[in-house]
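Reading the structure
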Amino acid sequence: MNNKISYLLNTIRCMHRYGSVLTPKSSATTRKHALWISKNRDPLGNVNLRKQCLNIFSSLHGSSLRLLSQKTDVFSTGTQVLVSEEPSQSSLEAEKLDDSGSEVKHVMGSSDPFFHSLQKCTCPCDALDLAVESAVSIRHYTNCLTTAWRLFKHLSEEQQRYEKQLIFEHPGFARLCQQLLQTSRRMTRRDLVFSLHAMVNLGVPQNTLLVQTLVRVCQEKLNQLDNRCISVLATTLAGMDKDKNVSALQAGLQLLVEQRISGISDIFILQNLMKCMGKDIPVFLKKKLEVAVLKEIDNLTFPNALRMVMALVAMNYCSIPILNACSKTIQENVHDAPFRQLIHILEACHTLQYRNVKLFSALADYVNSTACIWDKRQIVRFLSAFETLGIRPSELMDVFAEKVTEDPEFLNWKNLAIVLRAYSRLNHIPRGQKDLFLETLHSCLNKCLPQISNTELLKAVYSLCVLGYLPQQALDELLQKDHKDELILPDDLYKDQKEMMLRCVKTCMELDSPSFTRPTFVQAENPSSLLSVNLRKAQEALIELLGDENMFQQNVQLPYKYHIDFAITMDSDRKKVLPITATNDLPDSSVQRLAFLFVPLSAFCVGTMHPQGKLAMKKRHLNKLGYHVILVLNKKFQEMTNEDAVEFLKRKIYSENAFPFSEVTMQDNN
């Protein structure tokens, strides 16, 4: 009895709120007043709000609540109301379908005054008011619902929270849902899919009688859906939790798309299907979607290019032809892309493992040329995205370094950690301001020392050491923690990584110290004759060039756990290669020692032969140990013929400059 009284009071309060606001204008006024009041409280703070609203629906229709299970007859058409007692497990994200023509806009009759009134609605409750006052047909009700959703999705997040409460409490919403439930099997295909889309995205729980009924009717009418309806249905299902009915409908939809894919020419529908069907679809279907997109690729607009990249990410499919076409369009219109889209593009390229030097250069040049309009924190995000991809935007990094030295106050620990990691990994020292920049970072690190963890301290010190800078105060604190065994715990999941970083820090403290004196000769530790398979070609080329295996060492292990693939000793004029056995007693001033390192492509910044941080640190330290280092890109070397490989090594050994060849642009995906 108490529950019935409560339902009655709720109904009276709801009717009192809307009794005098049956016109769109008055409803908008009420909404604005309600939104003004809601600024000081969270209208959805009550976890039982949805339950309460649905109880109101039940009292309005004089029926009791009924939970829907998998065994429930979803075609029961009495006065059953739509919902279960439990709120949705997760809020469904509003899916944007607008694309010039807007997927969610219903086709409205131009001669019916009702639709003219509907177009004048300014908030969701206006559409519900109109449904109560004037709706007389299925088409009227479905268009009221989709209009309510269209207006709802354009509100801010705060407004949406309160507007959802108003929608669920509105007496017209319960009536509208009841009409949809009773007429679901008589709806047109477009009314059906748009109604399901609106209900799901307005947050009506998925396990309600109404939603499950619409899902089942969509199963029955699946073969009657046109391409646009298929696109909307795919979007809707992507936002729903898996249950028996949803899974069955998704399986049927996948088969239907497979049959019709060759006949779909709308690029928006194609990319929407790619996005909504996701990464779990079979590879052959992904390839069919790729072929269909490539047929229409010449008509790709800039917004479609951005969406297509995101669709490929959602499908987890790296289509080089599509991405190349999208990249070209993005390069031509990069000045129209907002900050968020630029970040998404870089993140998408990382996810898809797509490397396009021209695209990256265009994005970096654009950010650099407009650096004055970006907030410094935005540039930090750009640097983080570039660092993740292994891209070194040198001009942008120089400009940003200048901004840091001028105003370091914005560098809180989060931003400082990103900056240290980016400059360290990409091995970038700002031109003309190395000392000032590194000292500024060191000063910012000292301010953050009391608030950062041991792991964060180790990473920060490691980054500065990789750049060849020793932050003394942070080093002292780090070594003190290491001495107390507070730095690396026995059960630490990242124990190996931390030990590697700590070892590098201690190596830098010795070799990069101003007091370090280069030894006369560093004896190799047990050089091994074992050689990896990918270095056999280099071994054979050296034997052919030098005539004997005794003229070089292979797989050389040095102190500090450094490794050299091949070591060669020459006279001081670099004219003659000396046998290994004859060089041990020679003074260091009379010989030159060469260290060949065959390194993978990933050891360089994308598109260049500029070594990344760890390789640059190793090269610097080998120089300190008395070796001239020659870096060889192993992938390119393996592609050479035997004759070219011998000639290549000959030039490197007998040239006057034994340092790595100059920074060059490598071939990209175009």
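The coordinates are above.
Counting of residues starts from 1 at the beginning of each chain's written sequence and follows it residue by residue. It should be noted that, the model being predicted, local features are given only for residues of pLDDT at least 70 and side-chain atom pairs only at 80 or more, the latter also being counted only at that level, while totals for whole chains, interfaces and linings use all residues. Computation of side-chain values: all heavy atoms of the structure, hydrogens and water removed.

1. What to know about the overall build of the protein chain
Labels follow the DSSP assignment, with helices taken as runs of H or I lasting at least four residues and strands as runs of E lasting at least two, numbered in each case from the N terminus. Helices and strands together make up the secondary structure of the protein chain, namely 29 helices and 5 strands. Taking all 670 residues of the protein chain together, 52% fall into the buried category. Note on contacts: a residue pair is in contact if any heavy atoms of the two residues lie within 4.5 Å. Of all intrachain contacts in the protein chain linking residues separated by at least 6 positions in sequence, the fraction that spans at least 24 positions is 76%. For the area figures, the Shrake-Rupley method with a 1.4 Å probe applies, and any residue is considered shielded solely by the protein chains shown. For the protein chain, the accessible area works out to roughly 31,700 Å², and carbon and sulfur atoms hold 49% of it. Burial classes follow relative accessibility: with a 1.4 Å probe on protein chains only, a residue under 20% of its type's maximum area counts as buried, one over 50% as exposed, and anything between as partly exposed.

2. Comments concerning a negative patch on the surface
On the surface, a cluster of negative charge is contributed by Glu544, Glu643, Asp644 and Glu647. If you tally residues by element for the negative patch, the top one is helix α29 (residues 642–654), at 3 residues. The topology assignment puts Glu647 in helix α29. Each patch is assembled from residues with relative accessible area greater than 30% and no salt bridge, linking like charges that lie within 9 Å and nonpolar side chains (Val, Leu, Ile, Met, Phe, Trp, Tyr) that lie within 5 Å. Salt-bridge detection follows one rule: a side-chain nitrogen of Lys or Arg within 4 Å of a carboxyl oxygen of Asp or Glu. Residues scored as charged are limited to Lys and Arg (positive) and Asp and Glu (negative), so that His and the chain ends carry no count. Charge positions are represented by NZ for Lys, CZ for Arg, CG for Asp and CD for Glu.

3. Digging into the environment of Phe400
Its location among the elements puts Phe400 in helix α20 (residues 394–406). Residue Phe400 is classed as buried on the basis of its relative accessible area, which comes to 0%. Along the chain, Phe400 and Asn368 lie 32 residues apart, while their C-alpha atoms are 9.0 Å from each other. The residues touching Phe400, leaving out its near neighbours within four places in the chain, are Lys376, Ile379, Val380, Leu383, Phe410, Val419 and Tyr423.

4. Observations regarding the environment of Ser117
Note that Ser117 resides in helix α4 (residues 113–119). Residue Ser117 is classed as partly exposed on the basis of its relative accessible area of 31%. A C-alpha to C-alpha distance of 8.9 Å links Ser117 and Ala127, two positions 10 residues apart in sequence.

5. Observations regarding the packing of helix α8 (residues 171–183) against helix α10 (residues 209–220)
As a rule, the C-alpha atoms of each element are fitted with a line to give its axis, helices using only the stretch in contact, and angles between N-to-C directions run from 0 to 180 degrees. It is the contact of α8 with α10, at a shortest axis distance of 10 Å, that shows an interaxial angle of 35 degrees. Here α8 runs over α10; the crossing is left-handed. On the side of α8, the interface is formed by Cys177, Leu180 and Leu181, while α10 contributes Leu209, Leu210 and Thr213. A per-class count over the contact of α8 with α10 returns 5 nonpolar, 1 polar and no charged. In this scheme the handedness of a crossing depends on how the near helix is turned from the far one: anticlockwise by less than a right angle means left-handed, clockwise means right-handed. Three categories are distinguished: nonpolar for Ala, Val, Leu, Ile, Met, Phe, Trp, Tyr, Cys and Pro, charged for Asp, Glu, Lys and Arg, and polar for the others, with Gly belonging to the last.

6. Concerning the pattern of salt bridges
One pass over the structure, following the stated rule, counts 13 salt bridges. Across the salt bridge formed by Arg431 and Asp398, the nearest N and O atoms sit 3.1 Å from each other. In this pair, Arg431 is assigned in the loop between α21 (413–425) and α22 (434–448) and Asp398 in helix α20, connecting sequence segments 33 residues apart. Judged by its relative accessible area of 65%, Arg431 is exposed. A relative accessible area of 11% means that Asp398 is categorised as buried. Within this structure, Arg189, Arg190 and Asp226 form a network of salt bridges that share partners.

7. Concerning helix α15 (residues 302–315)
Because an α-helix packs 3.6 residues into every turn, residues spaced three or four apart end up facing the same way. By this rule the span expected of a helix is its residue count minus one, scaled by 1.5 Å. Here α15 contains 14 residues, and its C-alpha end-to-end distance of 20 Å stays within 8% of the 20 Å for a straight helix at 1.5 Å per residue. Of the residues making up α15, those classed as buried are Phe302, Asn304, Ala305, Leu306, Met308, Val309, Ala311, Leu312 and Met315. Following α15 by one or two positions, Asn316 has its phi on the positive side, about 55 degrees.

8. Side note on the packing of aromatic side chains
Two rings belonging to Phe, Tyr or Trp (six-membered ring only in the last case) form a pair when the distance between their centres is within 6.5 Å. Interplanar angles under 30 degrees mark stacking, angles over 60 mark edge-to-face geometry, and anything in between is tilted. For the structure on display, the rule yields 14 aromatic pairs. Pairing Phe552 with Phe566 gives two aromatic rings, centres 6.0 Å apart and planes at 70 degrees, and the pair type is edge-to-face. Placement of the pair is Phe552 in the loop between α26 (536–546) and β1 (553–558) and Phe566 in strand β2 (residues 562–571), with a sequence separation of 14 residues. We note that Phe552, like Phe566, is buried. We count a charge as sitting over a ring when the NZ of a lysine or the CZ of an arginine lies within 6 Å of the ring centre and within 35 degrees of the ring normal. Of note, Lys376 hangs over the ring of Phe410, and the distance from its end group to the ring centre comes to 5.4 Å.

9. A closer look at the pairing of strand β4 (residues 591–599)
For β4, the tally of buried residues reaches 9 of 9 residues, placing the bulk of the element in the interior. Across the two faces of β4 the burial is the same, with Val591, Arg593, Ala595, Leu597 and Val599 and Gln592, Leu594, Phe596 and Phe598 all buried. The sheet contact formed by β4 and strand β5 (residues 627–633) spans 7 bridges and is parallel. For Leu597, the partnering residue across the bridge sits in β5 and is Leu631. Whether two strands pair depends on DSSP finding at least two bridges between them.

10. Looking at unusual backbone geometry
Within the chain, Gln353 stands out as a residue other than glycine whose phi angle is a positive 55 degrees. Within the fold, Gln353 resides in the loop between α17 (339–352) and α18 (357–369). For Lys561, which is not glycine, the phi dihedral falls at a positive 60 degrees. Among the structural elements, Lys561 can be located in the loop between β1 and β2.

11. Overview of the side chain of His610
Note on placement: His610 falls in the loop between β4 and α27 (613–624). Engagement of the side chain of His610 in a polar contact is seen with the side chain of Arg392, the distance being 3.4 Å. Whenever a nitrogen or oxygen atom comes within 3.5 Å of another N or O atom, the pair is scored as a polar contact, on the condition that within protein one atom can donate a hydrogen and the other can accept it, and that pairs from neighbouring residues in sequence are kept only if both atoms are in side chains. Side-chain polar atoms of His610 contact the backbone oxygen of Leu426, separated by 3.4 Å.

12. Remarks on α18
Taking 1.5 Å per residue as the helical rise, α18 with its 13 residues ought to reach 18 Å, and the 18 Å between its terminal C-alpha atoms agrees with that figure. On its buried face, α18 sits against α16 (320–332), α17, α19 (376–389) and α20. One side-chain oxygen at the N-terminal end of α18 lies 3.2 Å from the backbone nitrogen of Lys358; it belongs to Asn356.

13. Quick word on the pairing of β5
Burial analysis of β5 places 6 of its 7 residues in the buried class, which makes it a mostly covered element. Regarding topology, α27 serves as the crossover connection from β4 to the parallel β5, and that connection is right-handed. Look down the strands so they point away from you; if the path from the first strand over the helix to the second goes clockwise, the crossover is right-handed.

14. Re the state of the cysteines
Note that a disulfide, as used here, is simply two cysteine sulfur atoms within 2.5 Å. The final tally for this structure, using the stated rule, is 0 disulfides. Of all cysteine sulfurs, the one in Cys125 lies closest to Cys123, which takes part in no disulfide; the gap is 5.4 Å. You can call Cys123 buried: its relative accessible area is 0%. Sulfur of Cys448: no disulfide; nearest cysteine sulfur belongs to Cys444 and is 6.9 Å away.

15. Remarks on the environment of Gln539
Within the secondary structure layout, Gln539 lies in helix α26. Using a relative accessible area of 13% as the deciding quantity, one classes Gln539 as buried. Between the C-alpha atoms of Gln539 and Phe552, which are 13 residues apart in sequence, the distance is 9.5 Å.

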